[in-house]
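# Residue-level structural notes
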Amino acid sequence: MSYFELKEPPRREDRLKACIAHGAALGEVAGRGLQCCQPGNERSFTQNSICLLLPALGTMNSIPNSVVLMHGGLGCGSSSHCGNAAVRGGNNQRWGVVKDGRWLSTGLTESDVISGGEPKLAQAIIEADRRYRPAVIFIVASCVPGIIGDDVESVVEQTQPEVVAKLLPVHCEGFKTKIWATSYDAIYHAIGRNLLTDNEQPAINKEKTGITVNLMNVSSMGRLDELELERLLNELGISVNIFPVFADPDGMQRMTEADLSISTCPTHDDYMLTYLKEKYQVPFIIRHMPIGIENTGKWLQDVADFFGLGEPARALIAREEADLAAALAPLKPMFIGKKAFSSAGEFRALSTAILLAELGFEIVGIRAFHHDEFAEVEYEKLVRLVGKDLPLNIANCQPFEEANLLRKLKPDIYLGHMNGNSTAAKLGISTHVIYNSGLHYIGYKGAYELARRLYRQVRNPRFNTNLSQHAVLPYKESWYQQNPFKYIKTAGGDNE
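Below: a short report on this structure.

One pass over the structure, following the stated rule, counts 28 salt bridges. Residues Arg 407 and Glu 477 are paired through a salt bridge, measuring 2.6 Å at the closest nitrogen-oxygen approach. Taken together, the residues span a long stretch of sequence, with Arg 407 in helix α15 (residues 399-409) and Glu 477 in helix α19 (residues 477-480) at a distance of 70 residues. For Arg 407, a relative accessible area of 29% gives the class partly exposed. Residue classification places Glu 477 among the partly exposed positions, given a relative accessible area of 45%. Salt bridges linked by common partners bring Arg 12, Arg 15, Asp 185 and Asp 270 together as one network.

Spelled out as structure tokens, the structure:
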């Protein structure tokens, strides 16, 4: 049975046997699959995590002509305020219009928790449709309706005939999973189950000429990176449709008619690409993330080989790598002997570490937010580049482990998400954001632009050096002397 026949997607703990707790050398993961990191691994102490609602909102708010209706407490979804800058910028870059995301809340109260929030949800759906006339309304189930048993699917089914907008239930009950990457499955589940169902048997376009691919972007990259991959694919005569961020919901049916779907981040895309293959016979490639010199070439070559364009692709890759080598030559001497630490979602952390090694940095540690089968090939690449002894921390945040590691490893530069860089910054380590929708990271241009930014930071690290003299992390000196993975519980007991 297809997962899309279910009302909501399975947890990644169940579907992929993904885990969030492991600490060891890189060689203990590479080549061993998931044997090193069992789903049962847990921590006897946990400091914090991320709710899967956060990344889901970033995607939903980007969809044009939509409304995001949060069914939950008033605070749920409030991160949309700070994320709105990316929505405005993305709309402007793609459509030439500065436009805000639109999100509402049912604002469940204590009395709603007791008596149920379904009537309030139905009323809110009708009001959102009347007020904004959107193409789609995302109905987002947060923790509260999940706990009290509100049947969001039934409310949507009963209300759909009364509204013009297409209603898309999205299950983001944060307590159901510790793998917040499940949020990407929740978004794709809603789109595939509710927006693509009208196209059960897509008609073959007799007028169609050339090759068209789906380039999947559920928040893997900003517009600058999209343009870089479009440039490379267009050089091979391949046309590109980008889904789902900032894609017109009325045009998402085109996903079912492409010649091939291409992942830009296997962590994000496997759920939807498998569905497109199973139901609409659209083949897919999900192997590399095009961050770094080698990875970009492998990503591009895989696509080209699928269409019998291997020779033109090899020529293109050779030209691009030669131009990039010349551009990087003045920068790379600055990186010799400099230590780097990479922290992000699994594929971005690993592929960025590979790029840093290609630039000449010494990689001293990696932290990945979770671990699943798709990144095994990246671990093998890293072992080849940096050896088996590199410390690897698999953690859904847990800054106390990271602070301990960073004190021991003393990197010169730390690449992590902007909301997580403060730990390194307060230790006096230069930090750079590992993802920002307004910056280059992907492809050959991304490799150069990241190197150019890192050159400036490595050359002048004074800001964070000064910051460390006035900021204190909340950990005792005794903690820094202990094993950073002390609280990770495995089948054999403590990891001390």
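So, on to the sheet that holds strand β11 (residues 339-344). Taken in spatial order, the six strands line up as β1-β13-β12-β11-β14-β15 in an open sheet, and their pairing is mixed. The open sheet terminates on both sides in strands that have one partner only, identified here as β1 (21-25) and β15 (430-433). Across the sheet, the axes of successive neighbouring strands diverge by a mean angle of 15 degrees, strand direction being ignored. Bridge analysis of strand β12 (residues 362-368) against strand β13 (residues 391-395) gives three bridges, and the strand direction is parallel.

For the pair helix α9 (residues 223-235) and helix α11 (residues 293-306), the least separation of the axes is 11 Å and the interaxial angle reads 45 degrees. In terms of orientation, α9 lies oblique with respect to α11. Once α9 is placed against α11, the crossing between them reads as right-handed. Packed against α9, whose contacting residues are Leu 229, Leu 232 and Leu 233, the element α11 presents Thr 296, Trp 299, Leu 300 and Val 303 at the interface. Broken down by class, the residue content of the contact of α9 with α11 amounts to six nonpolar, one polar and no charged.

All right, on to the side chain of Asn 214 then. Relative to the assigned elements, Asn 214 resides in strand β7 (residues 211-217). There is a polar contact of 3.0 Å between the side chain of Asn 214 and the side chain of Ser 261. Ignoring anything within four residues of it in the chain, the contact list for Asn 214 reads Asn 241, Phe 243, Arg 254, Met 255, Ala 258, Leu 260, Ser 261, Ile 262, Leu 276 and Val 282.

Time to look at the packing of aromatic side chains. Within this structure, the stated rule accounts for 16 aromatic pairs. Between Phe 45 and Phe 400, the ring centres sit 5.0 Å apart and the planes meet at 75 degrees, which makes this aromatic pair edge-to-face. One end of the pair, Phe 45, is in the loop between β2 (42-43) and α2 (53-60); the other, Phe 400, is in helix α15, with 355 residues separating them in the sequence. When its relative accessible area of 3% is taken as the criterion, Phe 400 is described as buried.

The geometry of helix α13 (residues 346-359) relative to helix α14 (residues 376-386) is characterised by a closest axis approach of 10 Å and an angle of 25 degrees between their N-to-C directions. On the basis of the axis angle, α13 is roughly parallel to α14. Helix-helix and strand crossings are classified by hand; for α13 and α14 the assignment is left-handed. Here α13 contributes Glu 346, Phe 347, Leu 350, Ser 351, Ala 353, Ile 354 and Ala 357 to the contact with α14, which in turn contributes Glu 378, Tyr 379, Lys 381, Leu 382, Leu 385 and Val 386. Of the residues belonging to the contact of α13 with α14, the class tally is nine nonpolar, one polar and three charged.

A separate point is the nonpolar core. A general trend in soluble globular proteins is that nonpolar side chains are found buried together. Grouped together as the largest cluster of nonpolar side chains are 117 residues, with contacts concentrated most on Met 272, Phe 361 and Tyr 379. With nine residues, α13 is the largest single contributor of residues to this core. If we ignore the near neighbours within four places in the chain, the residues touching Met 272 are Phe 4, Tyr 188, Ile 191, Gly 192, Leu 196, Met 216 and Met 255. In this structure, Leu 69, Ile 125, Ala 141 and Val 163 belong to the second largest nonpolar core, which totals 15 residues.

The rules behind these values
Residues numbered from 1 in each chain as written. Predicted model: local features only at pLDDT ≥ 70, side-chain atom pairs only at ≥ 80, totals over all residues. Heavy atoms only, no water. Salt bridge = Lys/Arg side-chain N within 4 Å of Asp/Glu carboxyl O. Helix = DSSP H or I, 4+ residues; strand = E, 2+ residues; numbered from the N terminus. Buried < 20%, exposed > 50% of the residue type's maximum accessible area, 1.4 Å probe, protein only. Pairing = 2+ DSSP bridges. Axes fitted to C-alpha atoms, helices over the stretch in contact; angles between N-to-C directions. Parallel < 35°, antiparallel > 145°, perpendicular 65-115°, else oblique. Left-handed = near helix turned anticlockwise from the far one by under 90°. Contact = heavy atoms within 4.5 Å. Nonpolar A, V, L, I, M, F, W, Y, C, P; charged D, E, K, R; others polar. Polar contact = N/O pair within 3.5 Å; in protein donor to acceptor, adjacent residues only side chain to side chain. Phe/Tyr/Trp six-rings, centres within 6.5 Å; stacked < 30°, edge-to-face > 60°. Core = buried A, V, L, I, M, F, W, Y, C linked by side-chain atoms within 4.5 Å.

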